[in-house]
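# Geometric and topological summary
Below are the chains, spelled out letter by letter.
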There are 2 protein chains.
Amino acid sequence: MTDSSRSQTAAASEYFSSNRESFLEQLFALLAQRSVSTTGEGIPECAELVRTLLEKAGLRASTIATDGAPMVIGEYERPGNRFTLLLYGHYDVQPADEPEWQSDPFAPTVRDGRIYARGASDNKGQFYAHIAAIASLLAADAHIPVNVTVLLEGEEETGSPNIDSFLQSQRERLAADLVLIADGPGHPSGRPVAVFGARGLVYLEVSLRNAETDQHSGTYGGVTPNPAVALSRLISNLIGTDRTVNAPGFYDRVRAPSRSEVELARAIPFSAAGFRRTIGVRALEPSISDNLEYWRRIMFEPNLNVSGIASGYTRTGMKSVIPSKAVLKLDARLVPDQDPTEIAELLASEIRRLEPEATVNYLARMTPYRIEPSDHATTAVLASLARAWQSEPLVYPSLGGSLPAAGFLTALEAKPIVLSYGHHDQNNHGPNENLRLDHFELGVHSTLEIIAALAELDRNAQN
Amino acid sequence: MTDSSRSQTAAASEYFSSNRESFLEQLFALLAQRSVSTTGEGIPECAELVRTLLEKAGLRASTIATDGAPMVIGEYERPGNRFTLLLYGHYDVQPADEPEWQSDPFAPTVRDGRIYARGASDNKGQFYAHIAAIASLLAADAHIPVNVTVLLEGEEETGSPNIDSFLQSQRERLAADLVLIADGPGHPSGRPVAVFGARGLVYLEVSLRNAETDQHSGTYGGVTPNPAVALSRLISNLIGTDRTVNAPGFYDRVRAPSRSEVELARAIPFSAAGFRRTIGVRALEPSISDNLEYWRRIMFEPNLNVSGIASGYTRTGMKSVIPSKAVLKLDARLVPDQDPTEIAELLASEIRRLEPEATVNYLARMTPYRIEPSDHATTAVLASLARAWQSEPLVYPSLGGSLPAAGFLTALEAKPIVLSYGHHDQNNHGPNENLRLDHFELGVHSTLEIIAALAELDRNAQN
């Protein structure tokens, strides 16, 4: 690395450290702005807030309407830069209705070195590390040695229904050499994480109504069907005791992991005891004998999950009714080369076969992807992470979760790498979601190191 | 029937008709008073209101504390009366949280000749017909020709946990020759209904917690167990596709109906099409070929029902989580000679065998009973109903629902008969519960006829 890029990184780091409090203030304002995509609450307001943050950072910032939530774009080009880095994130968050929150999920609170708020780690806190790094570079040295596009969407938590068509429609404007996404949990070891794939998603809502209103379970028990029983039986039939998904064709396109993907997974440490303790789960699925088996299920196998079921009377005490209806939320996590549309259809078809009166709605579809981490840019990113964290990165062949990154791969032909600036116990999607302050700072420094390394690559390529 | 009892009945009828509006006002005040036993809301206030209604009617009225809701008692004795009639009812109601209510469930509203309110038919409106008859007798003629005890409890909808011990402790005070209970729905034909049994009840709450909080279904889908899936599988295992309850011993003590019970059931008309239309149920359980099969399932067979299930995210839109816990409400309707305590234990034992981490709570137990309608008092009651309704009563060997009446049978050695002053579409336990005004009036006149007939029996026995 040249002296000039080193000194620029040092100056930006210095600027960030001196202005840490004001950066945190901006982040807190972002976390305080509700932006729950599943209900739509606060989405337009948050898009505008994010746009002003990009503008303050020194980027050319705009919002672009879609059929759903607006996209927010920040852009920076400079003559002489040839490498373009696209930084993707999402400003929407999951609902925060869990009773276990110890502080208001939309009033960011620091306790024991962590910021507690909905979106702290998923994904406002993580993408804001990118923005803080860019702002620091521009404030300290007035330029960035690579072109940068920041793309922030507002529907990731509802399956990014508009990202693929948006990427297609903006192919030239968004053209990039590398896509970075800072999202997802870190590893208990504290080592940095880089991810080269994600599972896909199909989210279905199944509802079954047998009567106009709930019926007295004494007066009619035995003669009218019970939709809660019917959907319970549906679940039992769809999901085997060994987790097998019983829908014809479901596994047909599952791609086996390559030998190198298996070796990368095997190299990621895992402690079942530590997992149970920190995540608060009483037990793992039986028969998880070693770390490879754990990662294999999360990275290389599809899974069908019940996200929710509701029917009848479920509050305190007793009420004796035959419920009039039942609702079931199902999410399937997919692996390459399963096709979300095909899987959605074959699941719906099996559901209708088992329960002909059921109504099936598709709420989301996301494509799974896995790429092999092998080129110069990838190597530079991994080396930068090692430098920032003073620790060798763990390379994940895939996230268990889903990301719209597959769209970048297909529409922009740009390789997406997912980094985690978070930690293993950040509790995405659950109560008391949080981001460690030291991890946020590691995220800023990682971004600075990566930009310096990519600029160096670019210079070497030009020479 | 003697002239004097005829003229007394006529005078009381006349008094009721002249004062119909003020009786309805009292009933409306009673319906407006919340008294939801499952939450406890308004229970003490309602007990006191009921006591004042009994007092106004001319009875010696008191409330008696129990471990739960107070019992309210109204008493009348007169020298020379030998026959004692016990009128039982309950002043508590089911919750009224259904969104389909067309008017406030606690602001009684008359539409199309029906009173719409929670408790209108179950059971405030029906027991108030008894009270209005007594008040009319005392106002018109200053005496009642039989001794009367009115017993109103406030925990029927939560399984009458204190009625049996209360009856035991007050055996002498409550001693009676006949117990009448006006409760439950009527028949679509409009013919009066007399019931000689009820199914029992066991209400269980099953909960299963696998984690402290909901988990991200991508990050952990495949490695942590899902309690919604576990309880769905539990339901599928407990309740067979043919409704068979798969718990060892469940059917051991089921008493087959006698030939005369079967004949009584066969004589009750039933229209599947009318049922679907008026109850708003899309379909009956398949294989209900005729009216006897319909009544057989409701009167002579036990049934295990899911009153409610809740787990994970169930509101609008999507949230992808592995739920941390799941809760299931199960109610079993029992027939003689199943024992609620034994059934509760064998169900819980099977549940724990299937899902060892599940927690099972018992919320209610009620004993099933069936008696044969054969003695003088029974015959007098059926004849009085025929006179008041100008229509032959339908005799039900059993209700599908549950009543604490079995306690009267065992503790007081008094035969309980359940009459319905309601109608088939009164929607007990559901939204828009209602009571037809003409049925309320038929209830008052029935009570007057029954009292006259029992007094006649008493006189004949004395002569």
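Below you will find a few notes about this structure. (Residues numbered from 1 in each chain as written. Chains lettered and ligands numbered in written order. Predicted model: local features only at pLDDT ≥ 70, side-chain atom pairs only at ≥ 80, totals over all residues. Heavy atoms only, no water.)

### What to know about the relation of the copies chain B and chain A
Between chain B and chain A, the superposition needs a rotation of 180° and an axial shift of 0.1 Å, giving an RMSD of 0.1 Å. Here the symmetry operator amounts to a two-fold rotation axis. Looking at the interface residues of chain B, 100% of them are also at the interface in chain A, so both copies use one shared face. (Least-squares fit on C-alpha atoms with pLDDT ≥ 70 in both. Contact = heavy atoms within 4.5 Å.)

### With respect to the packing of aromatic side chains
Tallied over the entire structure, the rule returns 20 aromatic pairs over all chains. Pairing Tyr15(A) with Phe23(A) gives two aromatic rings, centres 6.3 Å apart and planes at 75°, and the pair type is edge-to-face. Accessibility expressed as a relative area gives 30% for Tyr15(A), which makes it partly exposed. The ring of Tyr362(B) carries the charged tip of Arg365(B) above its face, separated from the ring centre by 4.6 Å. (Phe/Tyr/Trp six-rings, centres within 6.5 Å; stacked < 30°, edge-to-face > 60°. Buried < 20%, exposed > 50% of the residue type's maximum accessible area, 1.4 Å probe, protein only. Lys NZ or Arg CZ within 6 Å of the ring centre and 35° of its normal.)

### A look at the pattern of salt bridges
Counting across every chain of the model gives 62 salt bridges over all chains. The shortest N-O distance in the salt bridge between Arg51(A) and Glu55(A) comes to 2.9 Å. Taken together, the residues Arg51(A) and Glu55(A), both in helix H3 (residues 43–57) and 4 residues apart, mark about one turn of the helix. By relative accessible area, which is 17% here, Arg51(A) ends up buried. A salt bridge links Glu342(B) to Arg253(B); the shortest N-O distance between them is 2.7 Å. A residue pair is termed long-range when its members are at least 10 positions apart, and Glu342(B) in helix H10 (residues 340–354) and Arg253(B) in the loop between helix H6 (227–238) and helix H7 (259–266) qualify at 89 residues. A residue is classified by how much of its surface remains accessible, and Glu342(B), at 26% relative accessible area, is partly exposed. A network of salt bridges, in which partner residues are shared, links Asp97(A), Glu98(A), Arg118(A), Glu433(A), Arg315(B) and Lys319(B). (Salt bridge = Lys/Arg side-chain N within 4 Å of Asp/Glu carboxyl O. Helix = DSSP H or I, 4+ residues; strand = E, 2+ residues; numbered from the N terminus.)

### A word on the sheet that holds strand S5 (residues 114–116) of chain A
Residue and element names in this part refer to chain A. Taken in spatial order, the 3 strands make up an open sheet running S4-S5-S19, and their pairing is antiparallel. Of all strands in the sheet, those bounded by a partner on one side alone are strand S4 (109–111) and strand S19 (434–436). For this sheet the average axis-to-axis angle between neighbouring strands, irrespective of direction, equals 30°. Bridge count between S4 and S5: 3 bridges; the pairing is antiparallel. Bridge assignment links Thr109 to a residue of S5, and that residue is Tyr116. Contacting S4, S5 and S19, helix H13 (residues 437–462) crosses the sheet at an angle of about 65° to S19. (Pairing = 2+ DSSP bridges. Axes fitted to C-alpha atoms, helices over the stretch in contact; angles between N-to-C directions.)

### Points about the interface of chain B and chain A
Contact with chain B, which involves 90 residues of that partner, is made by 90 residues of chain A. As a salt-bridge pair, Asp97(B) and Arg315(A) come within 2.9 Å of each other at their nearest N and O atoms. On the surface where chain B and chain A come into contact, there are 50 residue pairs in polar contact (both at pLDDT 80 or more). Its residues placed into classes, the side of chain B that touches chain A shows 32 nonpolar, 37 polar and 21 charged. As paired strands, strand S12 (residues 303–312) of chain A and strand S12 (residues 303–312) of chain B are joined by 5 bridges and run antiparallel to one another. Within the sheet, the bridge partner assigned to Ile309(A) lies in S12(B) and is Ser311(B). (Polar contact = N/O pair within 3.5 Å; in protein donor to acceptor, adjacent residues only side chain to side chain. Nonpolar A, V, L, I, M, F, W, Y, C, P; charged D, E, K, R; others polar.)

### Thoughts on H6(B)
Along its 12 residues, H6(B) runs 16 Å from first to last C-alpha, staying within 8% of the 16 Å computed at 1.5 Å per residue. Taking burial as the measure, the 12 residues of H6(B) include 11 buried ones, the bulk of the element. Taken residue by residue, H6(B) has Pro227(B), Ala228(B), Val229(B), Ala230(B), Leu231(B), Ser232(B), Arg233(B), Leu234(B), Ile235(B), Ser236(B) and Leu238(B) as its buried positions. Packed against the buried residues of H6(B) are helix H6 (227–238) and S12 of chain A together with strand S10 (200–209), S12, strand S14 (325–334) and H10 of chain B. A distance of 2.8 Å separates the backbone nitrogen of Ala228(B) from a side-chain oxygen at the start of H6(B), and that oxygen is part of Asn226(B). (Expected span 1.5 Å × (residues − 1).)

### Some remarks on the sheet that holds strand S17 (residues 394–396) of chain A
Residues and elements named next belong to chain A. One open sheet accounts for 8 strands, arranged S1-S2-S6-S3-S7-S18-S8-S17; its pairing is mixed. Lying at the two open borders of the sheet, with one neighbouring strand each, are strand S1 (60–64) and S17. Taken pair by pair, the neighbouring strands of this sheet meet at an average axis angle of 20°, ignoring direction. Both strand S8 (residues 193–195) and strand S18 (residues 415–420) contribute to a ladder of 3 bridges, which runs antiparallel. The residue of S18 that forms the bridge with Ala194 is Leu419. Strands strand S2 (71–76), strand S3 (84–90), strand S6 (147–153), strand S7 (178–182) and S18 of the sheet are contacted by helix H4 (residues 124–141), whose axis makes an angle of about 140° with S3.

### Side note on the packing of H6(A) against helix H10 (residues 340–354) of chain A
All names here are of chain A. It is at 10 Å that the axes of H6 and H10 come closest, and there the two elements cross at 130°. The pairing of H6 with H10 is recorded here as oblique in orientation. The element H6 and its partner H10 pack so that their crossing is right-handed. Packed against H6, whose contacting residues are Leu234, Asn237 and Leu238, the element H10 presents Glu350, Ile351 and Leu354 at the interface. A breakdown of the residues in the contact of H6 with H10 according to their chemical character gives 4 nonpolar, 1 polar and 1 charged. (Parallel < 35°, antiparallel > 145°, perpendicular 65-115°, else oblique. Left-handed = near helix turned anticlockwise from the far one by under 90°.)

Function-wise, these values are silent; they only describe arrangement.
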